[in-house]
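Examining the three-dimensional arrangement
So you can see what is in the structure, the chains are spelled out below.
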Amino acid sequence: MRGALGGPGVLLRRLREVMAASISPQERLDRLVVLIAGNLVAEVCSVYVLREDGSLELYATEGLNREAVHLTTMRAGEGLVGLIASEAEPLALSDAQAHPSFSYRPETGEEVYRSFLGVPILRGGAVMGVLVIQNRASRLYSEEEVESLQTTAMLMAEMIAAGGLKSLAAPGASIGLDRPIHGIGVALADGVGLGHAVLHEPRVAITNLIAENPAAEVGRLEAAIGEMRASIDELVERGDVAHTGEHRDVLETFRMFAHDQGWLRRMREVVMTGLTAEAAVERVQSDTRAKMLRQTDPYLRERLHDLDDLANRLLRTLVGKANGVARENLPENAILVARSMGPAALLDYDRAHLRGLVLEEGGPTSHIAIVARALGIPAVGEVVNATALIEGGDAIIVDGQAGEVQIRPQPDVENAYKDKARLRARKQKQYQKLKELPAVTRDGVDITLQINAGLIVDMPNIEATAAAGIGLFRTELQFMVAQHMPTTAEQQALYAAVLEAAADLPVTFRTLDIGGDKVLPYMERVEEENPALGWRAIRIGLDKPRLLRAQVRAMLRAGAGRDLKIMLPMVATTDEFRRARMIIRREQVMLEKQGVTPPRDLRVGVMVEVPSLLFELPEIAREADFLSIGTNDLMQFLFAADRENKRVADRFDPLGVGPLRALRRIVEAAAETGCPVTVCGEMGGKPLETMALIGLGYRGFSMSAASIGPVKAMLRALDTAKLRERMDWMLASPEGVTNLRPQLAAFATEFKVPV
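Procedures and definitions
- Residues numbered from 1 in each chain as written.
- Predicted model: local features only at pLDDT ≥ 70, side-chain atom pairs only at ≥ 80, totals over all residues.
- Heavy atoms only, no water.
- Buried < 20%, exposed > 50% of the residue type's maximum accessible area, 1.4 Å probe, protein only.
- Helix = DSSP H or I, 4+ residues; strand = E, 2+ residues; numbered from the N terminus.
- Pairing = 2+ DSSP bridges.
- Axes fitted to C-alpha atoms, helices over the stretch in contact; angles between N-to-C directions.
- Parallel < 35°, antiparallel > 145°, perpendicular 65-115°, else oblique.
- Left-handed = near helix turned anticlockwise from the far one by under 90°.
- Contact = heavy atoms within 4.5 Å.
- Nonpolar A, V, L, I, M, F, W, Y, C, P; charged D, E, K, R; others polar.
- Expected span 1.5 Å × (residues − 1).
- Arc of directions from axis to C-beta.

Here we come to the pairing of strand β2 (residues 55-62). In terms of burial, β2 is largely enclosed, as 7 of its 8 residues are buried. For strand β1 (residues 44-50) and β2, the ladder comprises 6 bridges, and the chain directions are antiparallel. Counterpart to tyrosine 48 in the pairing with β2 is leucine 58. The antiparallel pairing of β1 with β2 creates a hairpin that spans 4 residues between the two strands, and glycine 54 there sits at a positive phi of about 90°.

Right, here's the structure in full:
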């Protein structure tokens, strides 16, 4: 290394000695900057630490005016130091004062220094400060010097993270380690949860940072890389992706990254600066995470997850798997934090202590969101970098209504959310008072309110909400949380338990809605260009009749002597419905021949979610015993907008003129043939949207249990005749209005309808 005194390992060992010395934090910092400056032949070495208000404070310096320590501050983005903090990348300049971001601070005396090298102090991709060296002479810093300073900055980050500088912060100027963060994501499950963070997959703790024998560390790294590659190769060849949920093409991309020479070369280079193999993996991934989090290209942002997975695999190989919190022994008021989770993993945790869920991935219609709503756990998804920003034990507030997360909140923010939680509790009590009141509009129109379910844990919600039954039981959830294909006996046991718990109330079982984004780990995967429009739901059932027959057989046996309703998903043509109904009838005849008691009343219906059925409404309404509108997929297909694609998912409004006209067409066709019709999608569980659907003529809805109270409060204040008259006028209006949400909201305000 040009200009350095001794090799990189010498500097790191001397830094470790200073960090271990029994001296005050300020004296430790002062010795460190002297040591770094001397080793890199720099006339200045300074440490700036990020404060909780987002500014950077000079904490120590060798070469600048010492009186400026703890006095000089700058905003993020201000000056060269602020630029490094905002972009999270090193900056080397031979003439610093010529740079457009240079900011002159007279109290530091740095105007005499021309050359400048600064690196971010990173941990988990999050900036914690900036480390700088400077020289009077104009010079170019070498790549080796940049590398050495970055490695030194990693040690600084660990010292800050361990709380070694907390005592140096002035009142009201706490360091960024403890700064409050307001995270914005997407609402997954309603509610407000206050508690402390528990990481679903805790970071691998690295206790040994400095290598005694760099050559040996390179050998350890090479061995770990070989083991990781072999495990991924085996995973791809075996096709077993149960623990990742990835499709095969994504796994192939994953394998490509595991063999990326640039990524692996960086780790080898960092090891040679004096770090252990595991510290090198951590440092390279922290640098990579910091850069990729600042990318606007969603593809590059998604690839960050691949690299995170690979780095974690390497760390577990090098250090051993991290010990997490026992899932059945959670601390009180736990807020679970994860990059992503499957529904089975969430169900493993002790529900009694779980107060909220924070995810980096997962949208409102994802399976984890469905389960969170079923369990009544406030949840927020798509919180960028959540697992890096949050430490285990941090105070967390989850606002599942607004889609916001407060990390390490200040007392006034925490008190405000406590008030919000109390207000919500009072509202829930008001909704409870409505429980025994009928779901009847102000002008006497009866509305049927049922709940959506998919797990046995959902069943107490019938009594808790006084719902009229289960309008949609998602049978695929049993398949998704199981490690193997549920047997017919296992399916029958679940369906019988559901019917028993529902007593005399109706239950509508939807046959398997798998495929697309719902991939079972133990089933054969089919590569498709567009899975949402491909081989899924009833299409799989018709092509694999043994699968459909086994499920229908389990339902018929469970429904012996009871009323039974079976609903077929993703039906695109009347002919598909006829074929599926024929399979059901054959199973019924076969069971009767075996002496099995048949259901007292069997009804077979259709989930209307494919737009092609809109042009066969008279036929399907005559053939089916009932219709149920799956608004999630119907809106997705009507707008050709993938509901899981953040770029387009929120671009179109279901309260637009187009979708409302389509929905009116369905309810009118059903009325003409006397076919019962309900709404079971997310649209039917939101008060304003439900109000609009009532105005179109819908009288039956199935929704999450948490939506029953708000929807019942809305409809009991609603005059349907006035609404119908207003909506007929709005939908026929030639004024060019294409979105009726503002007009519907104005109607609700005018007539004091709570939405």
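There is more to say, and it comes next.
Interaxial distance between helix α18 (residues 545-558) and helix α19 (residues 574-593) falls to 9 Å at its minimum, and their mutual angle equals 55°. Considering their axes alone, α18 and α19 lie oblique with respect to each other. Taken as a pair, α18 and α19 cross one another with a handedness that is right-handed. Of the residues in α19, those touching α18 at Pro545, Leu548, Arg549, Val552, Arg553, Leu556 and Arg557 are Ile583, Ile584, Glu587, Gln588 and Leu591. Split into classes, the residues belonging to the contact of α18 with α19 amount to 7 nonpolar, 1 polar and 4 charged.

Although it is not a glycine, alanine 537 adopts a positive phi angle of roughly 55°. Tracing the sequence through the fold places alanine 537 in the loop between β17 (507-510) and α17 (538-543). Alanine 537 gets classed as buried once you look at its relative accessible area, which sits at 2%. Within the chain, alanine 640 stands out as a residue other than glycine whose phi angle is a positive 50°.

This part is about helix α25 (residues 720-732). The periodicity of an α-helix, 3.6 residues per turn, causes residues three or four positions apart to be oriented the same way. Compared with the 18 Å implied by 1.5 Å per residue over 13 residues, the 18 Å span of α25 between its first and last C-alpha is a close match. Of the positions making up α25, those classed as buried are Thr720, Leu723, Met727, Met730 and Leu731. Considered in projection along α25, the buried side chains sweep an arc of 90° and stay on one side of the axis. The exposed set on the far side of α25, more than 90 degrees from its buried face, consists of Glu725, Trp729 and Ala732. At its buried positions, α25 is contacted by α22 (657-673), α23 (687-696) and α26 (741-750).

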